[in-house]
Amino acid sequence: MFLSQLKISSPILWLGVSFITGLIISSCSNLPAPLSNQQESNSDPLNNQQEEAESENKGTAGKEEEGKSLTNSKPSPNSVSQTLLSQNFPSVSDLPNSQIAPALEGHASRVELITFSPDGSLLASAEYQGIFIWDTKAREVRRILPGHQFSEYDTEPMPATSLAFSLDGTLLASSSWSQGGSPKKSIIIWNPKTGEEIRSLAGSVGCRNVIFSPDGGKLMSSCGKGIQIWNPKTGEQLSNFYPELPVEAIALHPQGKILATVDFNATGGQAGEESNAIKLWNLNPGGAQPLRTLKGHNRDINKIAFTQDGQFLVSGSFISGEEAEGSIKIWDWQQGKSIRTQGYDGESFSLSQDSKLIAGNFRGGILLDLKTGQKIDSPIAIPMQGGASALAFSPDGKILAWAGQPPTFPNPLIRLWSIGEPVAEENSLASAASNRANYMPMPLIDIWAEGLPIVAEPKAITISPLRIPTLNPAKQEEVSVEYPHASKAVVTITQTNLPDDSVLGLRYRVEFAPYGSQQKGKFWKVIWVGTQQQCQPGRGEQDWSSTSCS
């Protein structure tokens, strides 16, 4: 379907890749109040704030001017210093693993969240500056959603705290919260294919989690001081209830009748907070009644999830730091007891749809048998990849999406690993990686340190920041733009007859993906930059390649 297995004959092949000329840009460089047990109904602040937010949206719509860059940090060649690199970054096929999974490249900063659509055709991933929608078969970005912003600063991004697809895959809900300020929109419901923002919910109170109900008809959230249930199609708040303290994490049983919550770590364990315990609630039309509390973690819990068969509840606790080691517990939640504890070195885990496997940053491997903790043999070579910042199983259980940044790679990426039998790739779909062959990828965050450009015309933004002053002026320069399909733009910049005793020519490939909603016009955002060169006679490769000149 969309995986290929690539065998590397020599474990030191990557060491034979020559150094190339690269580029680094060196410059540019409320918590809620204590809660009451009383339920709020007609005077719910979430509904009031949403009405204000929707009114504000109507007043500001249509103010964006086509052709104007949306970034605050348009690079200036006069203000950007540029140097040459002696370090090379290997391509996907250069890493010394026996089997290499396809990579989704496009992120410039750490991938915090990933989740598949119910049919597995789309993958949503979130970084600090936006939400990416990937076509898993073509392995390309289809659209980038703007994500969330601080209410105090319209152009300052606020990271998403959770992502959830609706049952039919037509809606994507995202939430946002920050201890440093309030979001302009706490929950946004998107059309993942068009990028349209369908509606926003919960005003600016801040939300940690969003979950669709099993039937897809309701959306549950943990916002501000309580738990809310919404109609995602109308935006109506159907009900709410208020635990004693704000909530850090939630999980909904597959049958939709049991909710698990963890107290927000706001007071370091004071004021009755139990952020290392899990509270279970019975949900009914009248609200929620406490069922039981699961205790056993000695650190704050940051994630909880029910297995798909509903039999077990899994919880993970982790504290950053060199001496910290987290733990994962598997609970028989109906009996109220832990059946197994697993050492854990990361902040993310994922459960397979058949309720048999758990993926995480375990010292013994990335895949374990959920019940026994036994390591599952797989082609995933974690020592060379590094730790995962986010993980997600595909709905059919055949794919594990792994997000991270291998130590030898310039940008974060997502790998799609097959679980069990290899999944055949559809040959009719051109891989983005094949079009990048013979180019060396460049670190995006170093080229545009303050944010990647967002433009109406791809050709306009790419020329000046990519030039290397020590090799200019080029006697000839050609710039071409092509649109392989509606969701991709490629700008190629070729500089030839350079006044350098080694490098005769430089070529850059700059790729863009659609940004924002189709309804607001066509805007593009940079997702990948690669470079190759041509050497002077007798100084190396005469054809274009990523091999450095002597």
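Residues numbered from 1 in each chain as written. Predicted model: local features only at pLDDT ≥ 70, side-chain atom pairs only at ≥ 80, totals over all residues. Heavy atoms only, no water.

Caption draft 1: Region of the structure containing the packing of aromatic side chains. All chains considered together, the criterion is met by six aromatic pairs. Residues Trp177 and Phe264 carry aromatic rings whose centres are separated by 5.3 Å and whose planes lie at 75 degrees to one another, so their mutual orientation is edge-to-face. With Trp177 in the loop between strand S13 (172-176) and strand S14 (187-190) and Phe264 in the loop between strand S21 (258-263) and strand S22 (277-284), the pair connects residues that are 87 residues apart, well separated along the chain. According to the relative accessible area criterion, Phe264 is buried, its value standing at 9%. An angle of 50 degrees between the planes, with centres 5.3 Å apart, marks the rings of Phe241 and Trp281 as tilted. Placement of Phe241 in strand S19 (residues 237-241) and of Trp281 in strand S22 is noted, with a sequence separation of 40 residues between them. Just as Phe241 is buried, Trp281 falls in that class too. Here the basic side chain of Arg208 rests over the ring of Trp177, its NZ or CZ set 4.2 Å away from the ring centre. Here the guanidinium or amino end of Arg507 rests over the ring plane of Trp544, the centre of that ring lying 4.2 Å away. (Phe/Tyr/Trp six-rings, centres within 6.5 Å; stacked < 30°, edge-to-face > 60°. Helix = DSSP H or I, 4+ residues; strand = E, 2+ residues; numbered from the N terminus. Buried < 20%, exposed > 50% of the residue type's maximum accessible area, 1.4 Å probe, protein only. Lys NZ or Arg CZ within 6 Å of the ring centre and 35° of its normal.)

Caption draft 2: The arrangement of the sheet that holds strand S26 (residues 326-332) in detail. What the four strands build is an open sheet, ordered S24-S25-S26-S27; its pairing is antiparallel. For this open sheet the edge positions go to strand S24 (301-306) and strand S27 (337-344), each flanked by a neighbour on one side alone. Sheet twist, expressed as the average angle between the axes of neighbouring strands with direction ignored, equals 20 degrees. The sheet contact formed by S24 and strand S25 (residues 313-317) spans five bridges and is antiparallel. Note on S25: the bridge partner recorded for Ile301 is Ser317. (Pairing = 2+ DSSP bridges. Axes fitted to C-alpha atoms, helices over the stretch in contact; angles between N-to-C directions.)

Interpretation in functional terms is not warranted from these geometric data alone.
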